[in-house]
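Okay, here's what each chain looks like letter by letter:
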Amino acid sequence: MSATSGISPSQDLASKFAEAIESKSVRFIKASIQNESIVHDESIPISGSFEEDLNLLQEDRILHPDTPAYVFVKQDPPSQDWLAIFYVPDTAKVRDKMLYASTRASLVKSLGSTLFTDSIFATNKQDLTPSAYLAHQRHQAAPKPLSSREQEIADLRIAENAAASYEEAEQAIARLAQGDQCTIVILTIDPPSETLHLHSSEDITITNLASSLPASEPCYALLAWPYTDNSVVKREIVFIYSCPSSSPIKNRMLYSSGSGGTYLSAKNIIIEASSDVTVASRKIETSDPSELDEAYLTQELGRSDATAASESPVVSTAPKPFAKPRGPGRRK
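Keep in mind the model is a prediction, meaning the values are calculated, not measured.

Caption draft 1: Examining the packing of aromatic side chains more closely. The full count for this structure, using the stated rule, is twelve aromatic pairs. Between the aromatic rings of Phe239 and Tyr263, the centroid separation amounts to 5.4 Å while the plane-to-plane angle is 75 degrees, which identifies the pairing as edge-to-face. With Phe239 in strand 9 (residues 232-242) and Tyr263 in helix 7 (residues 249-273), this residue pair connects regions lying 24 residues apart in the sequence. The residues Phe239 and Tyr263 share a single accessibility class, namely buried. The rings of Tyr220, Phe239, Tyr241, Tyr255 and Tyr263 are connected pair by pair, giving a single aromatic cluster.

See the structure below:
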């Protein structure tokens, strides 16, 4: 790590940079070290897009092949951020290389480090072309290799987050069991970690059940459904597995394999949380969440006389009995 040089930006440079932030019309601010101070050399207005204006840095009138410089670049809207370029050519004098390298950190801090979201250390002007900057961005976005200790810490954090997420889901299911409203708890799986997460928990009416579920992604839903059955008000928790046909195959396989275990775990949580609520023995499965309504639930669960406890009755029919296939004709 380079030692700090003690050289700081001049008041004029700080003022020019502040004016550029306010005006939003300046693309480049060039600065250099002169007489033990970092001074403002020139400001260059925006003339094209960010990538188009980067080509201007190839001109010797802005950056000399042998002379170090600092260049601050305004990024395109809607971003308000700046890119800091530390240009120190390989052909520069050794003393200049050391001086510019040891000053860059304090310079950015003095001007406002939160304004700079990216930085480039360039040793020649070819490092500052639009294509070179795109390569720099790809490198920045690429996952960094971890040491064995860093990997252990990352794995621990994943495990802690998974445990915290599942605990949050458990609490929502327990509250669902102890309430008295028409409530839905939606659970989703994070594909990379294959852990269960609480997506949402809210009171609904049975008429907006379909719109409460994700339209294009699989999910598990626990619906606490108050209804009237033969004039008796009941509240039953229904497990719903929704898997839209448009969802990715990998996700469909993941949710399908976890459906049974999730149902049993949720059922145990509900039983422990309250003895006044029942869990429907039959699970509801659908590939089209828009079809879910009171009539659909009534038919699937065989509740021919059930109506929502707080809504008007709906006409529904019990599921048709399974028709036994006709046997082969008798031989003559």
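Caption draft 2: Quick look at the state of the cysteines. Going through the model one piece at a time under the given rule, you end up with zero disulfides. Take Cys219: it sits in no disulfide, and the sulfur closest to it among the cysteines is that of Cys243, at 9.3 Å. Given a relative accessible area of 12%, Cys243 falls into the buried group.

Caption draft 3: Spatial organisation of the pairing of strand 1 (residues 26-34). Of all the nine residues making up strand 1, eight are buried; the element is thus mostly covered by neighbouring parts of the structure. Judged from the eight bridges that link them, strand 1 and strand 2 (residues 37-45) form a sheet pairing that is antiparallel. Within strand 2, the position partnered with Phe28 by the bridge is Ile44. Of the strand pairs in this sheet, strand 1 and strand 3 (residues 69-74) are connected by four bridges, and their pairing is antiparallel. Paired with Phe28 across the strands is Val73, a residue of strand 3.

Caption draft 4: Highlighting empty space enclosed by the protein. The final tally for this structure, using the stated rule, is one cavity of 30 Å³ or more. For the largest cavity, the calculated volume is near 30 Å³. Forming the walls of the largest cavity are Tyr166, Ile173, Leu187, Leu196, Thr262, Ser265, Ala266 and Ile269. Counting only elements with at least two residues in the lining of the largest cavity, the list comes to helix 5 (148-178) and helix 7. Ranked by residues supplied to the lining of the largest cavity, first place goes to helix 7 with four residues.

What counts, and where the lines are drawn
Residues numbered from 1 in each chain as written. Predicted model: local features only at pLDDT ≥ 70, side-chain atom pairs only at ≥ 80, totals over all residues. Heavy atoms only, no water. Phe/Tyr/Trp six-rings, centres within 6.5 Å; stacked < 30°, edge-to-face > 60°. Helix = DSSP H or I, 4+ residues; strand = E, 2+ residues; numbered from the N terminus. Buried < 20%, exposed > 50% of the residue type's maximum accessible area, 1.4 Å probe, protein only. Disulfide = S-S within 2.5 Å. Pairing = 2+ DSSP bridges. 1 Å grid on protein atoms, 1.4 Å probe; cavity = no way out; pocket = protein on both sides within 12 Å on 5 of 7 lines; lining within 4 Å. Points joined across faces, edges and corners; volume = space filled by probe spheres on them.

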